[in-house]
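# Fold and contact review
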Amino acid sequence: VGIGNQEHEQTAYTVIVKEQRVRIHNNSTDVIEEVTHSGFQTTLAHNETAHREYQMQPQLTGERNRWVFLLYNESVPADPTVSNAYRETHLWVNVTAAG
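Here we summarise the structure given alongside this text. (Residues numbered from 1 in each chain as written. Predicted model: local features only at pLDDT ≥ 70, side-chain atom pairs only at ≥ 80, totals over all residues. Heavy atoms only, no water.)

## Overview of unusual backbone geometry
Of all residues except glycine, most have a negative phi; of all peptide bonds, most are trans. Heads up, the rule is: Numbered from the N terminus, helices here are DSSP runs of H or I no shorter than four residues, and strands are runs of E no shorter than two. A simple rule labels every residue: compare its accessible area, found with a 1.4 Å probe on the protein chains alone, to the largest value its type can have, and call it buried under 20%, exposed over 50%, or partly exposed in between.
Unlike most non-glycine residues, Asn26 shows phi in positive territory, near 50°. Look at Arg64: it is not a glycine, yet its phi comes out positive at around 55°. Its place among the elements puts Arg64 in strand β5 (residues 62–72). With relative accessibility at 46%, the residue Arg64 sits in the partly exposed group.

Okay, structure coming up:
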């Protein structure tokens, strides 16, 4: 995960990581089930970049599950979501049960 600060001042960031089972219908994405994983915090000076390795430990099986990385540069809301994040990125993953 990479974060770059272009805020023109030192900024504290928090990354929240969520694993989601979603349904896409008519250009809308509905979260059916989600698991919140541990994220991290970092403080960066203007123009500074940080990279963090993140090991995914899936809890949900299925095709086209979504992992979202939610970035906040102020306080984190009680219910972090894609729509209230400062920035977000996501990965689509297929997870099968170990067998």
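## Considering the nonpolar core
Defined as follows: In these notes, a set of buried Ala, Val, Leu, Ile, Met, Phe, Trp, Tyr and Cys residues joined through side-chain atoms within 4.5 Å is what counts as a nonpolar core. Between two residues, a contact is recorded if the distance between any of their heavy atoms is within 4.5 Å.
The biggest cluster of nonpolar side chains holds twelve residues, and these are Ile3, Tyr13, Val15, Val17, Phe40, Leu44, Ala50, Trp67, Phe69, Leu71, Val93 and Val95. Leave out the neighbours within four places in its chain, and Val95 touches Pro58, Leu60, Thr61 and Gly62. Counting five residues, the second-largest nonpolar core is a separate cluster that includes Ile16, Leu70, Tyr72 and Ala85.

## With respect to the side chain of Arg66
Going by this rule: Positive charges are assigned to Lys and Arg, negative charges to Asp and Glu, while His and the chain termini are left out of the count. Counted as salt bridges are all cases of a side-chain nitrogen of Lys or Arg within 4 Å of a carboxyl oxygen of Asp or Glu.
Structurally, Arg66 can be placed in strand β5. The side chain of Arg66 is buried and forms no salt bridge, while Glu88, the nearest opposite charge, is found at 6.0 Å. Each residue touching Arg66, except ones within four places of it in the same chain, is listed here: Lys18, Glu19, Gln20, Val22, Thr29, Val31, Val82, His90, Leu91 and Trp92.

## Describing the pairing of β5
The two faces of a sheet get side chains in turn, since along a regular strand they alternate between them. Rules: A strand pair is defined by DSSP finding two or more bridges across the two strands.
A large share of β5 lies buried, amounting to eight of its eleven residues. Inspection of the sheet shows strand β2 (residues 11–25) paired to β5 by seven bridges, in the antiparallel sense. What sits directly across from Val17, in β5, is Phe69. As judged from the eight bridges shared by β5 and strand β6 (residues 87–95), these two strands associate in the antiparallel manner. The residue of β6 that forms the bridge with Trp67 is Leu91.

## With respect to the sheet that holds strand β3 (residues 28–44)
Think of a sheet as strands paired side by side through backbone hydrogen bonds, with each pair either parallel or antiparallel. Note the following rule: Only the contacting stretch of a helix is used when fitting its axis, a line to C-alpha atoms as for every element, and angles between N-to-C directions run 0 to 180 degrees.
The strand order across the open sheet formed by four strands is β3-β2-β5-β6, and the pairing between neighbours is antiparallel. The sheet is open, and its two edges are formed by β3 and β6, each paired on a single side. Within this sheet the neighbouring strands show an average axis-to-axis angle of 20°, counted without direction.

## What about the side chain of Thr11?
Our working definition: N or O atoms closer than or at 3.5 Å make up a polar contact, with two conditions inside protein: a donor-capable atom paired with an acceptor-capable one, and, for residues adjacent in sequence, both atoms drawn from side chains.
Its place among the elements puts Thr11 in strand β2. A polar contact of 3.0 Å, which involves the side chain of Thr11, links it to the backbone oxygen of Glu9. Here Thr11 is in contact with Asn5, Thr42, Thr43, Leu44 and Asn73, once residues within four sequence places are set aside.

## Quick look at the environment of Thr36
Tracing the backbone shows Thr36 in strand β3. Taking the C-alpha atoms as reference, Thr36 lies 13 Å from Asn65; in sequence the two are 29 residues apart. Excluding its chain neighbours within four sequence positions, the residues that come into contact with Thr36 are Ile16, Val17 and Lys18.

Note that all results are geometric; they support no functional claim without further evidence.
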